[in-house]
Amino acid sequence: MTTAEVAGRDDAPTAVPPPARSRPRRDIEGLRAIAVLSVLVYHAGLAWLPGGFAGVDVFFVISGFLITSLMVREVEQRGRLRLARFWARRARRLLPAGTLVLAFSALVTVFCLPAGDRKPFGGDIVAAAFYLVNWRLGDREVDYLAEDVGASPVQHYWSLAVEEQFYIVWPLLIALVVALVSQRRRLALFATVAVLTLASFAWTLHYVQEVPGQAFFVSTTRVWELGVGALLAVAYPVLVRLPQWLRQVAGWAGLAAIATVMLAYEPSWDWPGLGTLLPVLGTAGVILAGGTTPDRGVGAVIGIRPAVWIGALSYSLYLWHWPFIVGAQGLWGDDLRVRHLLLVVAVSAIPAWLSYRYLENPVRESRRLAANRSALVMGGVLTAVAGLTGAAVIASFALVGTVPVANAEESPGAAAIGTRPAGYWAEQRSVEAIRPSPLDAATDMPQIYDDSCVVNNYGDLKQCEYGAPDGERTVVLVGDSKAMQWFTPLHELARAQGWKLVVIGKNGCEFADVVRPGPDGNPNPSCDDWSQRSLAEILDLRPDLVVTVTRWSVAMPGGPYDEDTPLTRKAMVDGLVHHWQALRDAGIAVAPIVDNPGLSNRPECVQENLDDLRKCAFDMARQSKGSGAAAQLEAAERVEGVRPVDMNDLACPDGRTCPAVIGNVIVYRSGTHISDTYAETLTPMLGERMAAATDGLFGTAS
């Protein structure tokens, strides 16, 4: 956000006609203080402010109001909009501190976070430098396979990106209206902004239902919030004539609305969505209440001197606090408590003040940078520097030391299990070589991901064919990413036996008559729709065998649902039975592979503990509790002819502890997924167990 856009300190609008230069409105500075403090407290983890993130929405409205007021005022005074001057002011105001914090975030990434984070977070820094990081984060929200990617040190730049995109497009829009309309320009501007605002809001209500995680970040679902501020700016000369008592009522009601969402937010609320109207309209009400008397009523309360000081510093506070939090979590992890994070936030105020006092203000007031060309050149240079800084972080990944990469002969993987006592692997301290490198293991995925065969959490159904194209028999692999991890060995078996292999995959979605939460925690009905359509396609295809895996042990029943419906194991079991029985009734064999236990960040753990791999092993029973294994086994007992294929003794050889490395191969990649390299070494064992489960129909007998 220019979530703390101070608008050059001379951008604050007043009643029309305004003076050529006006002092900042204390009530708006107070709003900024409320907004930034709520975000900071929320990020520190205080439970009593569950909606503190709505401070971003407050900033959006403020920015839309101030920036539009500035441009409309210039048009009315000069008859035109000086675009170069506008962009030059934004560059002087925003880029120096923004670039400095990006450089600091690069240091946090290199020195405080795991080496594996350098590629994704370096890319984030590049995207943040060009103010496109909100789109990158939106894509990551629907990437189920990015589950091990932690919080980026520049994640908070998403709102800055939204506003910077607004600052580029909005002046062009206003300039276009000014060029096309010579009379009643305010009315034309109001109509144009109203149409765009309503269109964005309507799109938001739709998109937040379809792809809620992505909807939080992308610009198209946030334009309406800036638009509300812009509408207020355009209509200000009329609205400011309303009775003062009525405007004060709007102000107090607006402040109450902001407080309500921050204190009473519920995770079930769509965001952005209808609930976002509370802070958005509330902020507009508080701004309107100021009118010609910003120091009265609600303005007198929120415009006190400490709040004004914090409001002026809000941009810097917002910029600095988040990389400090991410760095602290990278260094101390789970040992941090809320009180520690509050201290971290407090410490971040020191560089925030220093950068405000000795960088932001001097640059903004510099005579050398007063010329538009000088400011724009500076902006281009700073953007390039920030982008190169992110690229350097990515490049530094190649310099990270690790264990040599083993060749295939040196890394037999699962084939080595019988050569050692069962408990050997969990007690193994180190290896001389390993495959894949722990720095690359997170991306050690099957070919079907490169082929874009597996759709994301909210994607549509897609079917891909592998194996023998003209094979007389067909095996279908269907399910979420835990099913897809078995593609490589199944593909090898299918090719060896002349079978066609059909893949139907959707990340995060079970092949069962159930509804499961999406990445944002809210129910994802698209999974239920995908599952039902997948079942119908398989029944039409009439394959000889269906192989699937169930990741989760609990779910909601399929079909219409209520968000308050609890997740239960019974619902998951019933959902599995529904699909499996339908297949069996059609004469199709079903061989579910029992879900494996797992623990996140195993490659990262291996990289950090190359001299003691025992630290990366985990308890099998504990990590099996959240897996879908129990639900699969219970469902199999209810469907005649379904025999699960259990491979977990090959991931946890002693039946108690699951090592991160077996036979010089890293067992896990991201989340609880088995690495593609290790899955490939399981091909002979999977063939034997598939043959046993299907009475020799598919697989290879021992």
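Above this text you will find the structure in question.
Here goes a summary of the coordinates provided. Nothing here was measured: the structure is a model prediction, and the numbers come from that model.

### Some words on the overall build of the protein
And step 1. Along the protein, the regular secondary structure elements total 27 helices and 12 strands.
And step 2. Taken over C-alpha atoms, the radius of gyration comes to 29 Å for the protein, in line with the 27 Å a tight globule of 702 residues would show.
And step 3. The C-alpha extent of the protein, read off along each of the three principal axes, is 90 × 50 × 45 Å.
And step 4. Within the protein, the fraction of its 702 residues that count as buried is 59%.
And step 5. When contacts within the protein are restricted to residue pairs at least 6 apart in sequence, those whose partners lie at least 24 apart make up 80%.
And step 6. Put simply, the protein shows about 27800 Å² of open surface, and 58% of that area lies on carbon and sulfur atoms.
And step 7. Across the protein, the mean location of the 60 positive side-chain charges is 15 Å away from that of the 69 negative side-chain charges.

### What to know about unusual backbone geometry
And step 1. Residue Pro272 is reached from Trp271 by a cis peptide bond, and omega for that bond is 0 degrees.
And step 2. With respect to the helices and strands, Pro272 occurs in the loop between helix 11 (244-264) and helix 12 (277-290).
And step 3. Pro436 follows Arg435 through a cis peptide bond whose omega is -10 degrees.
And step 4. Within the secondary structure, Pro436 is located in the loop between helix 17 (424-427) and helix 18 (447-450).
And step 5. If you check the backbone angles, Tyr131 has positive phi at about 55 degrees while not being a glycine.
And step 6. Take Tyr131: it is sitting in the loop between helix 4 (118-129) and helix 5 (133-141).
And step 7. When its relative accessible area of 10% is taken as the criterion, Tyr131 is described as buried.
And step 8. Phi at Asn601 takes a positive value of approximately 65 degrees, unusual for a residue other than glycine.
And step 9. With respect to the element layout, Asn601 can be found in the loop between strand 8 (589-592) and helix 23 (602-608).
And step 10. Given the relative accessible area of 28%, Asn601 is considered partly exposed.

### Looking at the state of the cysteines
And step 1. For the structure shown, the criterion picks out 4 disulfides.
And step 2. A sulfur-sulfur separation of 2.3 Å characterises the disulfide bridge that pairs Cys453 with Cys464. Handedness of the Cys453-Cys464 disulfide follows from its S-S torsion of about 130 degrees: it is right-handed. Here Cys464 lies in strand 2 (residues 464-467) and Cys453 lies in the loop between helix 18 and strand 1 (454-455), a separation of 11 residues in the sequence.
And step 3. Cys453 sits in the buried class, given a relative accessible area of 0%.
And step 4. Overall, the relative accessible area of 12% leaves Cys464 in the buried class.
And step 5. Cys509 shares a disulfide with Cys527; S-S distance 1.8 Å. Judged by the sign of its S-S torsion, about -60 degrees, the cystine formed by Cys509 and Cys527 is left-handed. Linking Cys509 in the loop between strand 4 (500-506) and strand 5 (514-515) with Cys527 in helix 21 (residues 525-541), this pair joins segments that are 18 residues apart in sequence.

### Side note on the packing of aromatic side chains
And step 1. All chains considered together, the criterion is met by 24 aromatic pairs.
And step 2. Aromatic side chains Phe60 and Trp158 sit 5.9 Å apart centroid to centroid with 80 degrees between the ring planes, which places their arrangement in the edge-to-face category. Remark: Trp158 occurs in helix 6 (residues 157-180) and Phe60 occurs in helix 2 (residues 55-78); sequence separation between them is 98 residues.
And step 3. Under the relative-accessibility criterion, Trp158 is labelled buried at 6%.
And step 4. In this structure an aromatic cluster arises from ring pairing among Tyr42, Phe53, Phe60, Trp158, Phe216, Phe217, Tyr265, Trp269 and Trp271.
And step 5. The positively charged end of Arg420 is found above the aromatic ring belonging to Tyr424, 4.6 Å away from the centroid.
And step 6. In this structure, Arg551 packs its charged tip against the face of Trp552, placed 4.0 Å from the ring centre.

### Description of the pairing of strand 2
And step 1. What you see with strand 2 is a clean split: Cys464 and Tyr466 sit on the buried side and Glu465 and Gly467 on the side with no burial.
And step 2. In this structure, strand 2 lies alongside strand 4, joined through 4 bridges in antiparallel fashion. Pairing of Cys464 across the sheet is with Val503, part of strand 4.

### Regarding the packing of helix 2 against helix 6
Think of two packed helices as two axes; the pair is described by the angle between the axes and how far apart they sit.
And step 1. Put simply, helix 2 and helix 6 touch, their axes get as near as 11 Å, and they point 25 degrees apart. Put simply, helix 2 runs roughly parallel to helix 6. In this structure, helix 2 meets helix 6 at a crossing whose hand is right-handed. Mapping the contact onto sequence places Val56, Phe59, Phe60, Ser63, Gly64, Ile67, Thr68, Met71 and Val75 in helix 2 and Trp158, Ser159, Val162, Glu163, Phe166, Tyr167, Trp170, Pro171, Ile174 and Val178 in helix 6.
And step 2. Residues that form the contact of helix 2 with helix 6 fall into these classes: 14 nonpolar, 4 polar and 1 charged.

Each value, and the rule that gives it
- Residues numbered from 1 in each chain as written.
- Predicted model: local features only at pLDDT ≥ 70, side-chain atom pairs only at ≥ 80, totals over all residues.
- Heavy atoms only, no water.
- Helix = DSSP H or I, 4+ residues; strand = E, 2+ residues; numbered from the N terminus.
- Rg over C-alpha atoms; globule rule 2.2 N^0.38 Å.
- Buried < 20%, exposed > 50% of the residue type's maximum accessible area, 1.4 Å probe, protein only.
- Contact = heavy atoms within 4.5 Å.
- Areas by Shrake-Rupley, 256 points an atom, 1.4 Å probe, with all protein chains shown as cover.
- Lys, Arg positive; Asp, Glu negative; His and termini not counted.
- Charge placed at Lys NZ, Arg CZ, Asp CG, Glu CD.
- Disulfide = S-S within 2.5 Å.
- Phe/Tyr/Trp six-rings, centres within 6.5 Å; stacked < 30°, edge-to-face > 60°.
- Lys NZ or Arg CZ within 6 Å of the ring centre and 35° of its normal.
- Pairing = 2+ DSSP bridges.
- Axes fitted to C-alpha atoms, helices over the stretch in contact; angles between N-to-C directions.
- Parallel < 35°, antiparallel > 145°, perpendicular 65-115°, else oblique.
- Left-handed = near helix turned anticlockwise from the far one by under 90°.
- Nonpolar A, V, L, I, M, F, W, Y, C, P; charged D, E, K, R; others polar.

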